[in-house]
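These are the residues of each chain, in order.
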Amino acid sequence: MTFSQLNYVIEVSRCGSINKAANKLFVSQSSLSNSIHELEKELDITIFIRSTKGIELTTEGSEFLSYIRPLIEQQKKIKSLYAQKNRKPCLRMNISTQRYPFAVEAFTKLLNSCDHPKFEVRIKETGIYQIIEDVYNNDSSIGVIFISRESEKFIEKSLESKNLTFTHIKSINPKVYCRKSHPLADKDIIHFYQLVDYPYVVFDHGQGKSLYYTEEVNLSGFTIPEKLIFVHDRASMYNIVRHTDAFSIGSGILSDEYCDDQIVSIPIECNADDVMKLGWIKQEKHQLTKEENLYIEFLEKSLENI
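These numbers come from a predicted model, not from an experiment.

Definitions and cut-offs
- Residues numbered from 1 in each chain as written.
- Predicted model: local features only at pLDDT ≥ 70, side-chain atom pairs only at ≥ 80, totals over all residues.
- Heavy atoms only, no water.
- Helix = DSSP H or I, 4+ residues; strand = E, 2+ residues; numbered from the N terminus.
- Rg over C-alpha atoms; globule rule 2.2 N^0.38 Å.
- Buried < 20%, exposed > 50% of the residue type's maximum accessible area, 1.4 Å probe, protein only.
- Areas by Shrake-Rupley, 256 points an atom, 1.4 Å probe, with all protein chains shown as cover.
- Lys, Arg positive; Asp, Glu negative; His and termini not counted.
- Charge placed at Lys NZ, Arg CZ, Asp CG, Glu CD.
- Axes fitted to C-alpha atoms, helices over the stretch in contact; angles between N-to-C directions.
- Parallel < 35°, antiparallel > 145°, perpendicular 65-115°, else oblique.
- Left-handed = near helix turned anticlockwise from the far one by under 90°.
- Contact = heavy atoms within 4.5 Å.
- Phe/Tyr/Trp six-rings, centres within 6.5 Å; stacked < 30°, edge-to-face > 60°.
- Lys NZ or Arg CZ within 6 Å of the ring centre and 35° of its normal.
- Patch = residues over 30% accessible without salt bridge, like charges linked within 9 Å, V, L, I, M, F, W, Y side chains within 5 Å.
- Salt bridge = Lys/Arg side-chain N within 4 Å of Asp/Glu carboxyl O.
- Nonpolar A, V, L, I, M, F, W, Y, C, P; charged D, E, K, R; others polar.
- Pairing = 2+ DSSP bridges.
- Polar contact = N/O pair within 3.5 Å; in protein donor to acceptor, adjacent residues only side chain to side chain.

Moving on: the overall build of the protein. Tallying secondary structure elements over the protein gives nine helices and twelve strands in all. For 306 residues, the compact-globule estimate of 2.2 N^0.38 gives 19 Å, and the protein exceeds it by more than 25% at 27 Å. Along the longest, intermediate and shortest principal axes, the C-alpha atoms of the protein span 85 × 45 × 35 Å. Looking at the 306 residues of the protein, the share that counts as buried comes to 42%. Summed over all atoms, the accessible surface of the protein reaches about 17300 Å², with 48% contributed by carbon and sulfur. Treating the 37 positive side-chain charges of the protein as one cloud and the 42 negative ones as another, the clouds have centres 9 Å apart.

Set out below in structure tokens:
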């Protein structure tokens, strides 16, 4: 299958005639017809029905056309892009991260230091399963995650199977997030039993995925409350915690500029090995660019004083 064959299919469907399409494409009718026949044979489908009245798309042909049109449009864009004289190269960089304000803080610092004339950069907050998939599929070059005592062996095995490496930055004891007017907000440390009656806000990691992909650290001795609120984004979590007596558990890292100032983080009773190992992943053979190294540097600085 070639781009020439795909363009032939599109032109024939547009003209409704092999002869007319051949004239527009400046190729012989036999060459055009044979090329489409070869494509049909390769894919084992019938794209066109030929008759004395002309040519019509089959149901398979219509479906095939819907798939190839975006490809041809992308081909045209690429040709147009690289045909431009004095074209400035575009910096492209994608980051996937769990819902951490410090990861966003590092990203904004990167933007403020970037002097590239043209760039397309993306940051995506999502769950750990999707982060691993993003880095594995080259949708993101860097993924920011945490590994807990319970999930460590599972996550390491998952990363190894996909040829991804994890670089540990810092281990942090988890904390409880709650609003400043919460009944427990004045505590120096919160014990598990004190949380039983309050709603627990957790990030929904999706049905059918292993519990090791959960966004919250699994603490020894912590019994999950009967009142659960599932959210998909950090803003929803902050809003619910701010306006109700619900709580959440996480890194406890609250940057003044990137978090809700009505939310506090309080240490939670836990064992010494109940820690969140914060770090980042990449493909094993991927060589970090200057900008990616700079992002990692900002990420480390955001965590070094915590």
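Back to the text.
Now for the packing of helix α1 (residues 3-15) against helix α2 (residues 18-25). How two helices pack is summed up by the angle between their axes together with the distance between the axes. It is at 8 Å that the axes of α1 and α2 come closest, and there the two elements cross at 125°. In terms of axis orientation, α1 runs oblique to α2. In the packing of α1 onto α2, the handedness of the crossing is right-handed. Mapping the contact onto sequence places Y8, E11, V12 and C15 in α1 and I18, K20, A21, K24 and L25 in α2.

Glancing now at the packing of aromatic side chains. Any aromatic ring pair is given by two values, namely how distant the centres are and how the planes are angled relative to each other. Counted under the stated rule, the structure contains five aromatic pairs. Members of the aromatic cluster, connected to one another through ring pairs, are F192, Y200, F222 and F247. The lysine or arginine in question, K162, covers the ring of Y136, its NZ or CZ lying 4.4 Å from the ring centre.

On the surface, I224, L228 and F230 cluster together into a nonpolar patch covering about 300 Å² of accessible area. Here I224 lies in the loop between β8 (200-203) and β9 (228-231).

This part covers the packing of α1 against helix α3 (residues 29-43). Two numbers describe how α1 lies on α3: the axes approach to 10 Å, and their chain directions differ by 110°. Between α1 and α3, the angle is such that the two are roughly perpendicular. Of the two possible hands of crossing, α1 and α3 adopt the one that is left-handed. Here Q5, Y8, V9 and V12 of α1 lie close against α3, whose contacting residues are L32, S35, I36, E38, L39 and E42. Across the contact of α1 with α3, the residue classes tally to six nonpolar, two polar and two charged.

Moving on, we get to the sheet that holds strand β12 (residues 276-283). The sheet built from five strands is open, its strands ordered β4-β3-β5-β12-β6 with mixed pairing. Edge positions in the open sheet fall to β4 (119-125) and β6 (164-172), since each of these has one partner strand only. Averaged over all neighbouring strand pairs, the angle between strand axes comes to 20°, with direction disregarded. Pairing of strand β3 (residues 91-97) with β4 involves seven bridges; the strand directions are parallel.

Here S140 lies in the loop between α6 (128-136) and β5 (142-147). S140 sits in the buried class, given a relative accessible area of 6%. A distance of 2.7 Å separates polar atoms of two side chains, one belonging to S140 and the other to S96. Residues contacting S140, with those up to four places away along its chain left out, are N94, I95, S96, D134 and V135.

Here strand β1 (residues 48-51) pairs with strand β2 (residues 54-57) via four bridges, running antiparallel. The partner of S51 across the bridge, within β2, is G54. Counted along the chain from β1 to the antiparallel partner β2, the turn is two residues long.

Even without glycine at this site, D44 takes up a positive phi of about 60°. Mapped onto the elements of the fold, D44 is located in the loop between α3 and β1. Judged by its relative accessible area of 66%, D44 is exposed. Of note in this structure, N163 is not a glycine but carries a positive phi near 60°. Mapped onto the secondary structure, N163 falls in the loop between α7 (152-161) and β6. By relative accessible area, which is 49% here, N163 ends up partly exposed.

Our next topic: the side chain of S302. Of note, S302 is situated in helix α9 (residues 290-304). Residue contacts for S302: discarding those within four places in its chain leaves F102, E105, A106 and K109.

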